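Secondary and tertiary structure notes
Here are the chains, one letter per residue:
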Amino acid sequence: MNKRSAVVSPQRLTAIMGTAIFFFASSAFAEPRPTMTSHVPEAVASGVAPLVGHVAGEQRLSLAISLPLPNEAALDEQLREIYDPQSPNFHRYLSVQEFTSQFGPSASDYAALRNFAEASGLKVVDDAANRLVLDVEGPAANIESAFHVTLGVYQHPTEARTFYAPDREPALDLNVTVLHISGLDNFTLPRAKNVRRSESVQPSGKTTGSGPGGDFVGSDMRAAYYGSGPLTGAGQSVGLFELAGYELSDVKTYFSKLKQPFRVKVIGVSVNGASLGCPPQSCDDNEQALDIEMAISMAPGMSSVRVYVGTQDPSIFNQMAVDNISKQLSCSWGWKDDESSLDPIFKEMAAQGQTVFVATGDNGSGTPGDVVWPADDPYVVAVGGTDLTTTGPGGAWLSETGWNGSAGSPSKNKIPIPPYQLLPGVVNSTNHASSTLRNYPDVSAEANTNQWSCYDGGCFEGNGGTSYAAPQWAGITALANEQAISAGRSEVGFIDPAVYVIGTGSKFDGDFHDITSGSNGGYTAVVGYDLVTGWGSPIAASLINSLAGTE
């Protein structure tokens, strides 16, 4: 044999070793390993949804496979120190690389998962820098074989449509524990948390805004909550979570008709090839456009708004985390998925100094848990809705009540109460908050159906929803981060721990409008924390000082 022919290149050796490692890992146990979370909808498990067919084997599906954190307890302790003002690690945030090396899944586990997917006939669409999510796509037949399931088509028990779902919990021939697989069913369709006039839960009747018909526009919100202060969000970026694309022309029309400058760069980020566009005849960009309009109106001097568009929620949030550019993020969509699939990502965001604002929903205390989610996750700021009155167009805050559409209650998804809600006085007999479950909202802002927006190629009156409130709070946090950075401090990070300290302390009345009237059906706004408005709406000039530590 020619000795040169026996030499194996480093690239070939790596491939051989990877195959050998995958084969060993796949054959080192007798039974397929189940995932850590559930995937079969209750309607399927109980037989309420009748089987009407099967997914065609050639139909292609996109999945997001999540891995667990190997040492979550250590990360939890690190987060406690990061948000403890008495700790030497207070606000000492981690980089993506530091988080991954200290707390992320191992490189070998991620490689084994990747090899498993490819060997199962699935195409790897994206590798994540933090190794928390692997995005794949492939034909249903290959997915069924890889995860030992049958994908059935079922009649939805409450909606006039069918859906697909696995008939059993997935399991993998892989010696690596998998946390969750998103995309195996579409029992619950994601919903944007906005309301149009025709869907209003309450007539507007407002005349104090500066938009057409007296409706509020974003600049009214800035004037009411922040006033005429100098902060504009300079140097900051707001990230927006979206499950559909947008038309930038709608945003340009909004500011043009209001005769307001539009100088913030809007950057579309396609996650796994999702379309960034949204033609009016075939797509509705109501949610996406209003998110951009409200964020920019609150912080008109930001460096950018980054619009993350995708189809799988873990993939979108994970891209926001690994980019780590936008320190304030907003989501106004709701869906049903397992909490565990997102918690590692939200914890990474908190460790990196990012904060996520999520709209709670618009059907009052009766808003279903699969619409509220992920607002009741303990690592996001849940944003409820109010009914605001100002002194006039572009005027100051005058009064505010709880909006009857504001979703608020103890978690219907049975998520345990987080430590920051266990401070004395948060849970009491007056507000009827739970002592065992996560309570929401945390904060609130104007959400009544008296808002003017441009979307779908036109501009319309009478819109509302907590969708408007979440990006307002993201914009306000951009102002706070601008102030913190200019004072030589670190970003304010995940604000819920600080918000609850403020709410239970002497600064509360100076930092928040305590809203004490209004009901969402099941609960009433009261003094202090309540299940309609949380701690209330921001007195931003003062709250920014408290959050930034620049009093």
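Details of the overall build of the protein
Counting its secondary structure elements, the protein contains 16 helices and 25 strands. Here the C-alpha radius of gyration of the protein, 24 Å, is about what a compact globule of 551 residues would show, namely 24 Å. Summarising its shape, the C-alpha atoms of the protein cover approximately 90 × 55 × 50 Å along the three principal directions. Burial status across the protein gives 59% buried among its 551 residues. In the structure as shown, the protein presents an accessible area of about 20600 Å², 53% of it carried by carbon and sulfur atoms. Computing the positive centroid from 32 side-chain charges and the negative centroid from 57, the protein places the two 6 Å apart.

Some details on the confidence of the model for the protein
Mean pLDDT over the protein stands at 93; residues scoring 70 or higher make up 93%. Note that pLDDT drops below 50 for residues 1-28; the model gives that stretch 11 contacts with residues more than four away or on any other chain. Counted against residues more than four places away or in other chains, residues 200-204, with its pLDDT under 50, gives 20 contacts.

Regarding the pattern of salt bridges
It is possible for side chains bearing opposite charge to pair when their charged atoms get close. Tallied over the entire structure, the rule returns 16 salt bridges. Note that aspartate 127 is salt-bridged to arginine 114, the shortest N-O span being 2.8 Å. One end of the pair, aspartate 127, is in strand E4 (residues 123-127); the other, arginine 114, is in helix H5 (residues 107-119), and 13 residues separate them in sequence. Two residues, arginine 196 and aspartate 456, come together in a salt bridge whose shortest N-O distance is 3.8 Å.

A look at helix H7 (residues 218-225)
Taking burial as the measure, the eight residues of H7 include seven buried ones, the bulk of the element. Of the positions making up H7, those classed as buried are Gly218, Asp220, Met221, Arg222, Ala223, Ala224 and Tyr225. Remark: glycine 227 follows H7 within two positions and exhibits a positive phi of approximately 85°.

Here's the deal with the pairing of strand E23 (residues 458-463)
Judged from the four bridges that link them, strand E22 (residues 451-455) and E23 form a sheet pairing that is antiparallel. Bridge assignment links tyrosine 455 to a residue of E23, and that residue is glycine 458.

Here's the deal with the sheet that holds strand E9 (residues 180-182)
On the basis of which strands lie adjacent, the open sheet formed by four strands has the order E4-E5-E3-E9 and antiparallel pairing. Only two strands of the sheet have a single neighbouring strand rather than two, namely E4 and E9. Sheet twist, expressed as the average angle between the axes of neighbouring strands with direction ignored, equals 25°. Pairing of E4 with strand E5 (residues 133-139), which is carried by four bridges, proceeds in the antiparallel orientation. Across the sheet, the residue bridging to lysine 123 is glutamate 137, located in E5.

Notes on the packing of helix H13 (residues 466-486) against helix H16 (residues 540-548)
Here H13 crosses H16 at 55°, and the two axes come no closer than 9 Å. When the axis of H13 is compared with that of H16, the two are oblique. At the point where H13 passes H16, the crossing takes the right-handed sense. Taken together, the residues of H16 that come into contact with H13 (itself represented by Trp473, Ile476, Leu479, Ala480, Gln483 and Ala484) are Ala540, Leu543, Ile544, Asn545 and Ala548.

Concerning the environment of threonine 390
Inspection of the secondary structure puts threonine 390 in strand E17 (residues 381-390). Residue threonine 390 is classed as buried on the basis of its relative accessible area, which comes to 3%. For the pair formed by threonine 390 and valine 124, sequence separation is 266 residues and the distance between their alpha carbons is 52 Å. Once you skip the residues sitting within four places of it in the chain, threonine 390 turns out to touch Thr208, Phe216, Ala224, Gly395, Ala396 and Leu398.

Observations concerning the packing of helix H3 (residues 72-82) against helix H11 (residues 339-351)
One way to put it is that H3 packs onto H11 with a least axis distance of 10 Å and a crossing angle of 35°. The crossing of H3 and H11 is left-handed. Contacts between H3 and H11 involve Glu72, Leu75, Asp76, Leu79 and Ile82 on the former and, on the latter, Lys347, Ala350 and Ala351. Along the lines of polarity and charge, the residues of the contact of H3 with H11 split into five nonpolar, no polar and three charged.

The rules we used
- Residues numbered from 1 in each chain as written.
- Predicted model: local features only at pLDDT ≥ 70, side-chain atom pairs only at ≥ 80, totals over all residues.
- Heavy atoms only, no water.
- Helix = DSSP H or I, 4+ residues; strand = E, 2+ residues; numbered from the N terminus.
- Rg over C-alpha atoms; globule rule 2.2 N^0.38 Å.
- Buried < 20%, exposed > 50% of the residue type's maximum accessible area, 1.4 Å probe, protein only.
- Areas by Shrake-Rupley, 256 points an atom, 1.4 Å probe, with all protein chains shown as cover.
- Lys, Arg positive; Asp, Glu negative; His and termini not counted.
- Charge placed at Lys NZ, Arg CZ, Asp CG, Glu CD.
- pLDDT = per-residue confidence, 0-100.
- Contact = heavy atoms within 4.5 Å.
- Salt bridge = Lys/Arg side-chain N within 4 Å of Asp/Glu carboxyl O.
- Pairing = 2+ DSSP bridges.
- Axes fitted to C-alpha atoms, helices over the stretch in contact; angles between N-to-C directions.
- Parallel < 35°, antiparallel > 145°, perpendicular 65-115°, else oblique.
- Left-handed = near helix turned anticlockwise from the far one by under 90°.
- Nonpolar A, V, L, I, M, F, W, Y, C, P; charged D, E, K, R; others polar.

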